[in-house]
Amino acid sequence: MTSTDASAEVNSETGTETSTRATAHHGTASGASSSPFRHSEIDRDAAPQFVLPLVVRIEKAAPPARTDALETAARAVLVLLSDERATAADGEWAQAVRDWQDARIRKVVRRARGAEWRRAAELPGITVTGRGLAATAAEDEPPPAAEVRVFPPVPLDGWPKELAKLQVSGTDLDDPEPPPAPDLTGPVLWLSPQVEMSAGKAMAQAGHGAQLAWWELDDAARAAWRAAGFPLAVRTASAERWDELTTSGLPVVRDAGFTEIAPGSCTVVADHPALRRP
């Protein structure tokens, strides 16, 4: 297994995540070993730039829990990457996905509610619903299940008007109580305990970590993950575990440091059972 060196940038004005990976071995949906991150094949900065839009539903009176939103965003990225409209040679989204992967891998998380959400839901895309939280003794009405709609990539300067109007900043969420320990027999996207991120940025980073894991898996592991409904957890690692994870050879997202955190900071480690060293 080859470890992954990635950098991710979230621009505070555009909410854009830019990702580059220096070395990686992975298969595409068809099983080929062509990496969208191999700089020897293409000048990614010179290529036309595309972005993957994600919209999270945040109703003013009933926002989702933060962890549920992060996990749902990560699953939404995987659902789109594995959808036949994106993977089939003649799929209606295939060219847009190829163009997106030939340039910088950008993700933008925006928020919507009410009529904004309904208008966004009318555009071609996929809505993924989270698991939600069970009611507790101290809380009769738990937060609603997160809803994230992912859209096929669009040109960086060519957003549909229904999405261009949506807000990027202010996407912050909380967990009403600490999430339970994750199932370590399944995939876990580990967040760094050393950096703080807004919910919107963390959603984009979790999505990128899921994408790196997807690219590292072989066809059989991908098929099994998809058939199971892409189960995964997003959790913040302990300091001790984080040190182990970042040197484990698992895919790592490193931030370029343009906003919020220092350059080179590791933000996410994608821990999938099929990628762990024996």
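Quick note: structure is the one above.
Residues numbered from 1 in each chain as written. Predicted model: local features only at pLDDT ≥ 70, side-chain atom pairs only at ≥ 80, totals over all residues. Heavy atoms only, no water.

1. A short note on a positive patch on the surface
- Together, R118, R119, K161 and K165 make up a positively charged patch on the protein surface.
- Turning to its location among the elements, R119 is positioned in helix α4 (residues 115-121). (Patch = residues over 30% accessible without salt bridge, like charges linked within 9 Å, V, L, I, M, F, W, Y side chains within 5 Å. Areas by Shrake-Rupley, 256 points an atom, 1.4 Å probe, with all protein chains shown as cover. Salt bridge = Lys/Arg side-chain N within 4 Å of Asp/Glu carboxyl O. Lys, Arg positive; Asp, Glu negative; His and termini not counted. Charge placed at Lys NZ, Arg CZ, Asp CG, Glu CD. Helix = DSSP H or I, 4+ residues; strand = E, 2+ residues; numbered from the N terminus.)

2. Describing the pairing of strand β8 (residues 188-191)
- Here β8 shows two buried faces, one formed by V188 and W190 and the other by L189 and L191.
- Bridging between β8 and strand β9 (residues 233-236) involves four bridges; their strand directions are parallel. Across the sheet, the residue bridging to V188 is A233, located in β9.
- As paired strands, β8 and strand β11 (residues 266-271) are joined by four bridges and run antiparallel to one another. For L189, the partnering residue across the bridge sits in β11 and is A270. (Buried < 20%, exposed > 50% of the residue type's maximum accessible area, 1.4 Å probe, protein only. Pairing = 2+ DSSP bridges.)

3. So, the packing of aromatic side chains
- Evaluation of the coordinates by the stated rule reveals three aromatic pairs.
- Summarising the aromatic geometry, the rings of W214 and W225 are spaced 6.4 Å apart at their centres and angled 45° between planes, so their arrangement reads as tilted. Residue W214 is located in helix α6 (residues 199-216), and its partner W225 is located in helix α7 (residues 219-227); the two are separated by 11 residues in the primary sequence.
- Under the relative-accessibility criterion, W214 is labelled buried at 6%.
- Among the residues examined, W225 registers a relative accessible area of 5% and is labelled buried.
- Between W214 and F230 the ring centres are 5.6 Å apart and the planes differ by 70°, which places this aromatic pair in the edge-to-face class. Of this pair, W214 sits in helix α6 while F230 sits in the loop between α7 and β9, placing them 16 residues apart in sequence. Each member of the pair, W214 together with F230, is buried.
- The ring of W159 carries R110 above its face, with NZ or CZ at 4.2 Å from the centroid. (Phe/Tyr/Trp six-rings, centres within 6.5 Å; stacked < 30°, edge-to-face > 60°. Lys NZ or Arg CZ within 6 Å of the ring centre and 35° of its normal.)

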